[in-house]
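Architecture at a glance
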Amino acid sequence: RKIGYAIVGLGSYATRQIMPNFASCEHSRIAALVSGTPEKLERYGAEYGVPKTHRYDYKSFDRIRDNPDIDAVYIILPNSMHAEYTIRAAQAGKHVMCEKPMAVSVAECEAMIAACRKAGRKLMIGYRSRFEPHNRLAIDLARSGFVGPTRVITAEHGFPIRPDQWRLDRPLSGGGSLMDIGIYSLNATRYLTGEEPVEVMAMESTDRSDPRFKTVEDRIDFLLRFPSGVTATCVSSYSSAHNQYRVIGTEGWIDMEPGTPYEGHRMRIRKDGQVADRAPPPMAKNQFAGQLDHLAEAVLTGSPIIVPGEEGLADLRVIEAIYRSAREGRAVKIAA
Ligand code: NAD
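Report follows, based on the coordinates. Source: prediction; values computed, not measured.

1. Some points on the packing of aromatic side chains
Within a pair of aromatic rings, the relevant descriptors are the distance that separates the centres and the angle that separates the planes. Evaluated as defined, the whole model comprises 8 aromatic pairs. Relative to Phe22, the ring of Tyr5 has its centre 5.4 Å away and its plane inclined at 70 degrees; by these criteria the two rings are edge-to-face. With Tyr5 in strand E1 (residues 3–8) and Phe22 in the loop between helix H1 (12–18) and strand E2 (28–34), the pair connects residues that are 17 residues apart, well separated along the chain. Ring geometry for Phe61 and Tyr85: centres 5.1 Å apart, planes at 80 degrees, overall edge-to-face. Placement of Phe61 in the loop between strand E3 (55–56) and strand E4 (72–75) and of Tyr85 in helix H3 (residues 82–91) is noted, with a sequence separation of 24 residues between them. For the pair Phe61 and Tyr85, one class covers both residues: buried.

So, in structure tokens, the structure goes:
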């Protein structure tokens, strides 16, 4: 059986990346659409064969409760709306896939996890790179010490942001580059080590005279210390183009540039004095279909979710510490 998803928010990521990829899913299908814009409901409803009875707006959203065709919702809204719609979906008895960042605070993440637990429903965060073959291989190689035990990680993510969008409006975004794109640097350091950072030091660089950065940060660079002694040096930026990470071990390095794009990943490895490209074994599904089917399989078979709400919460814990460190100009310890 295929599980039915209600897509909540028909913006760019939903319509350009997620919805087209249901075609290659084995266990997932689009069952319903939720949007505040009637024209979008009409257009995408027709395109994906979603009947009028399965189209909702934000007022009628809670009526998904009465639609047994919907097993799960996929929340692809501005960041500060993730908590509310996750909780409402759980209360309507639905499983939840929620985009990154999970929410805009640790407290919201905890409330989301509690609501899904209380309703007996699954909660997964849209960390698509965990379903992408180069990233999976990088995790295996880094954790098995292929270039020797990991000592240092560098991770950089950023893009020059266009003005006039919710990402630059703190009440909707919850923060600037770190919430949106720097989170990829942070998340990579956590999945490459399999550890939680214990200390962070951060420095923000934002030109407040730039009209884009009235309420959110541009650059925030941060240093993380992990229990094994690994340190990670990370860049998060809304004004420069980066998408890469490098794992440096005692005997070489694993480099991913680009590291977490939608497609076109490249891995290079330096070992025994030689640098060579390395291609992972191909996977049957791309990262988007893999992610969608992962929640579907968990719903259908009870298999574990590798990126549950607790993963989103762990990132938000570090994000709050990064902001605090930058604000207070000192290193901040993170409680285990
Ligand atoms: P977007 O602006 O293209 O889409 C957001 C949608 O939310 C729009 O359709 C908009 O109409 C709707 N919306 C509803 N209420 C709104 C309000 N009050 N203000 C503004 N918009 C409102 O944004 P997007 O790029 O699709 O991002 C949506 C979410 O997906 C974000 O949380 C983002 O971090 C995440 N995202 C994830 C990835 C990824 O690779 N995993 C990529 C892009 C975006």
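From this point on, the discussion continues.
2. Examining the pairing of strand E5 (residues 95–98)
Burial of the side chains of E5 extends over both faces: His95 and Met97 are buried on one face and Val96 and Cys98 on the other. As judged from the 4 bridges shared by E4 and E5, these two strands associate in the parallel manner. Note on E5: the bridge partner recorded for Tyr74 is Met97. In this fold, the crossover linking E4 to E5 by way of H3 has right-handed handedness. Across 3 bridges, E5 lies against strand E6 (residues 123–125) in parallel orientation. Bridge pairing links Val96 to Leu123 in E6. For the crossover that starts at E5, traverses helix H4 (residues 106–119) and ends in the parallel E6, the hand is right-handed.

3. Observations regarding the sheet that holds E1
Strand order in the open sheet formed by 6 strands is E3-E2-E1-E4-E5-E6, and the pairing between neighbours is parallel. Of all strands in the sheet, those bounded by a partner on one side alone are E3 and E6. Note: E2 against E3, 2 bridges, orientation parallel. Bridge pairing in E3 places Val34 opposite Tyr56. In the packing of helix H8 (residues 287–301) onto the sheet, the strands contacted are E1, E2, E4, E5 and E6, and the crossing angle to E1 comes to about 130 degrees.

4. A word on the packing of helix H7 (residues 177–193) against helix H9 (residues 309–328)
For the pair H7 and H9, the least separation of the axes is 10 Å and the interaxial angle reads 110 degrees. With respect to H9, the axis of H7 lies roughly perpendicular. Remark: the crossing between H7 and H9 carries right-handed chirality. For the pair H7 and H9, contact is made by Leu178, Met179, Ile183, Leu186, Asn187 and Arg190 and by Glu311, Ala314, Asp315, Leu316, Val318, Ile319, Ile322 and Tyr323, respectively. Among the residues making up the contact of H7 with H9, the classes are represented as 10 nonpolar, 1 polar and 3 charged.

5. With respect to the site of the ligand
The full set close to the ligand counts 23 residues, and Ser12, Asn79, Arg128, Trp166 and Arg167 are the nearest of them. Within the backbone of Lys100, one N or O atom sits 2.8 Å away from an oxygen atom of the ligand. Contacts to the ligand include Tyr184, whose side-chain N or O atom sits 2.9 Å from an oxygen atom. When isolated, the ligand has an accessible area of 830 Å², and the protein chains bury 79% of it. Going through the elements one at a time, H1 and H7 are the ones with two or more residues in the shell around the ligand. Class assignment for the residues of the shell around the ligand results in 12 nonpolar, 5 polar and 6 charged. When residues of the shell around the ligand are sorted by domain, at least three fall in each of domain 1 (3–125) and domain 2 (129–283 + 316–333).

Reading guide: rules and limits
- Residues numbered from 1 in each chain as written.
- Predicted model: local features only at pLDDT ≥ 70, side-chain atom pairs only at ≥ 80, totals over all residues.
- Heavy atoms only, no water.
- Phe/Tyr/Trp six-rings, centres within 6.5 Å; stacked < 30°, edge-to-face > 60°.
- Helix = DSSP H or I, 4+ residues; strand = E, 2+ residues; numbered from the N terminus.
- Buried < 20%, exposed > 50% of the residue type's maximum accessible area, 1.4 Å probe, protein only.
- Pairing = 2+ DSSP bridges.
- Right-handed = clockwise from strand over helix to strand, strands pointing away.
- Contact = heavy atoms within 4.5 Å.
- Axes fitted to C-alpha atoms, helices over the stretch in contact; angles between N-to-C directions.
- Parallel < 35°, antiparallel > 145°, perpendicular 65-115°, else oblique.
- Left-handed = near helix turned anticlockwise from the far one by under 90°.
- Nonpolar A, V, L, I, M, F, W, Y, C, P; charged D, E, K, R; others polar.
- Near = heavy atom within 4 Å.
- Polar contact = N/O pair within 3.5 Å; in protein donor to acceptor, adjacent residues only side chain to side chain.
- Areas by Shrake-Rupley, 256 points an atom, 1.4 Å probe, with all protein chains shown as cover.
- Domains from an automatic or database assignment.

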